[in-house]
Amino acid sequence: MNPFLWVLTVLGGIIGIILLLILHLIFGKIRLVADYRNGELKLWLEWLLLKYHVYPDPEKKLEREARREERKRRKAENSDFSQSTTESTSPPTYKPKRKKGIRAAARREVRKAVQSVPLKDYAKTLQIIVTKFIAKFHCKSFVLQASIGGDEASEIAMEYGTINALLYPVLGAFSAAGRLHKCNVQITPDFTSEETKAEGRAVFTFRLYQAIGCIWEISENLYD
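The structure displayed is predicted, hence computed values, not measured ones. (Residues numbered from 1 in each chain as written. Predicted model: local features only at pLDDT ≥ 70, side-chain atom pairs only at ≥ 80, totals over all residues. Heavy atoms only, no water.)

Draft legend 1. Structural context of the overall build of the chain. Of regular secondary structure, the chain possesses six helices and six strands. The helix and strand sequence of the chain, counted from the amino end, reads α-β-β-β-α-α-α-β-α-β-β-α. Within the chain, the fraction of its 224 residues that count as buried is 26%. Considering only residue pairs separated by 6 or more positions, the chain has 77% of its internal contacts joining residues 24 or more positions apart. Element-wise, carbon and sulfur atoms account for 60% of the exposed surface of the chain, whose accessible area totals about 16,000 Å². (Helix = DSSP H or I, 4+ residues; strand = E, 2+ residues; numbered from the N terminus. Buried < 20%, exposed > 50% of the residue type's maximum accessible area, 1.4 Å probe, protein only. Contact = heavy atoms within 4.5 Å. Areas by Shrake-Rupley, 256 points an atom, 1.4 Å probe, with all protein chains shown as cover.)

Draft legend 2. Representation of the environment of G200 within the structure. Within the secondary structure layout, G200 lies in strand β6 (residues 197-207). Taking the C-alpha atoms as reference points, G200 and Q145, 55 residues apart in sequence, are found 6.1 Å from one another. If we skip the residues at most four places from it in the chain, G200 touches A34, D35, Y36, V143 and L144.

Draft legend 3. Just the sheet that holds strand β1 (residues 29-37), in detail. Spatially, β3-β2-β1-β6-β4-β5 is the arrangement adopted by the six strands of the open sheet, whose pairing is mixed. For this open sheet the edge positions go to β3 (50-55) and β5 (183-189), each flanked by a neighbour on one side alone. Across the sheet, the mean angle separating the axes of adjacent strands is 15° when strand polarity is ignored. Across the face of the sheet, helix α1 (residues 3-27) comes into contact with β1, β2 (40-47) and β6 while running at roughly 135° to β2. In the packing of helix α5 (residues 153-176) onto the sheet, the strands contacted are β4 (138-148), β5 and β6, and the crossing angle to β5 comes to about 165°. (Pairing = 2+ DSSP bridges. Axes fitted to C-alpha atoms, helices over the stretch in contact; angles between N-to-C directions.)

Draft legend 4. Structural detail: the environment of L180. Relative to the helices and strands, L180 resides in the loop between α5 and β5. In this structure, the C-alpha to C-alpha distance between L180 and C139, residues 41 residues apart in sequence, is 5.0 Å. Discounting residues that sit within four places of it in the chain, L180 has contacts with C139, F142, L171, F174 and S175.

Draft legend 5. Up close: the confidence of the model for the chain. Summarising the model, the chain shows a mean pLDDT of 76, and 66% of its residues fall at 70 or more. The least confident element of the chain, judged by mean pLDDT, is helix α3 (residues 102-115) at 52; the most confident is β5 at 92. Low pLDDT, under 50, characterises residues 94-100; the predicted model gives this stretch four contacts beyond four residues in sequence or across chains. (pLDDT = per-residue confidence, 0-100.)

Draft legend 6. Representation of the nonpolar core. Judged by nonpolar contacts, the single largest core of 24 residues is most densely connected at F142, L144, L167, F174, V185 and I187. Of all the elements in the fold, those that place two or more residues in this core are β1, β2, β4, α5, β5 and β6. (Core = buried A, V, L, I, M, F, W, Y, C linked by side-chain atoms within 4.5 Å.)

Draft legend 7. Representation of a negative patch on the surface within the structure. Negative charge collects at one region of the surface, where D151, E152, E155, E194 and E195 lie side by side. With respect to the element layout, D151 can be found in the loop between β4 and α5. On the basis of relative accessibility, which here comes to 59%, the residue D151 falls in the exposed class. (Patch = residues over 30% accessible without salt bridge, like charges linked within 9 Å, V, L, I, M, F, W, Y side chains within 5 Å. Salt bridge = Lys/Arg side-chain N within 4 Å of Asp/Glu carboxyl O. Lys, Arg positive; Asp, Glu negative; His and termini not counted. Charge placed at Lys NZ, Arg CZ, Asp CG, Glu CD.)

See the structure below:
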């Protein structure tokens, strides 16, 4: 076989595989998994054998540095304790605190912002997704256990009613369209607690070009 033709064949095969992957990414199904536990929301996408964390963005280097700093801190505390027992008369030494990076501070602020979002806003987001794209999205699984708390009984009742009014029509629309495969929702008012506690997990499947339109719709309508 001519070497030139062989090179062209190999390049053509590689380009063809890349094009197939791009087409599958755009028109194939992608899984979106949302996990909400202990006031923290985690989102990630699954496509073929790949997994991409949307929020929070995992940075292994920062995690290793955090563990390393924690070990150093514990070691320093143990060392200070042992020195204080043997040299109680020695003057204390000042150790300047190490400044934390801007990226770590930014991630901390984003986490606080996500945790401060009321549960009803998440339900409203889900409502927009369903009402605008019920024919395009599938809900493979939706599990939610929530205990609604607050400062006053009227506030708890209003929050409880708002969440139910937003959430159950969404689930009903999915079920009526035959696109809700698994559902387990338990929402109860808790008049003895001042905080709302919730844990849940939802799995959706969609196509990329449909998701782009959905994100645009949410950005236009969620905070009007």
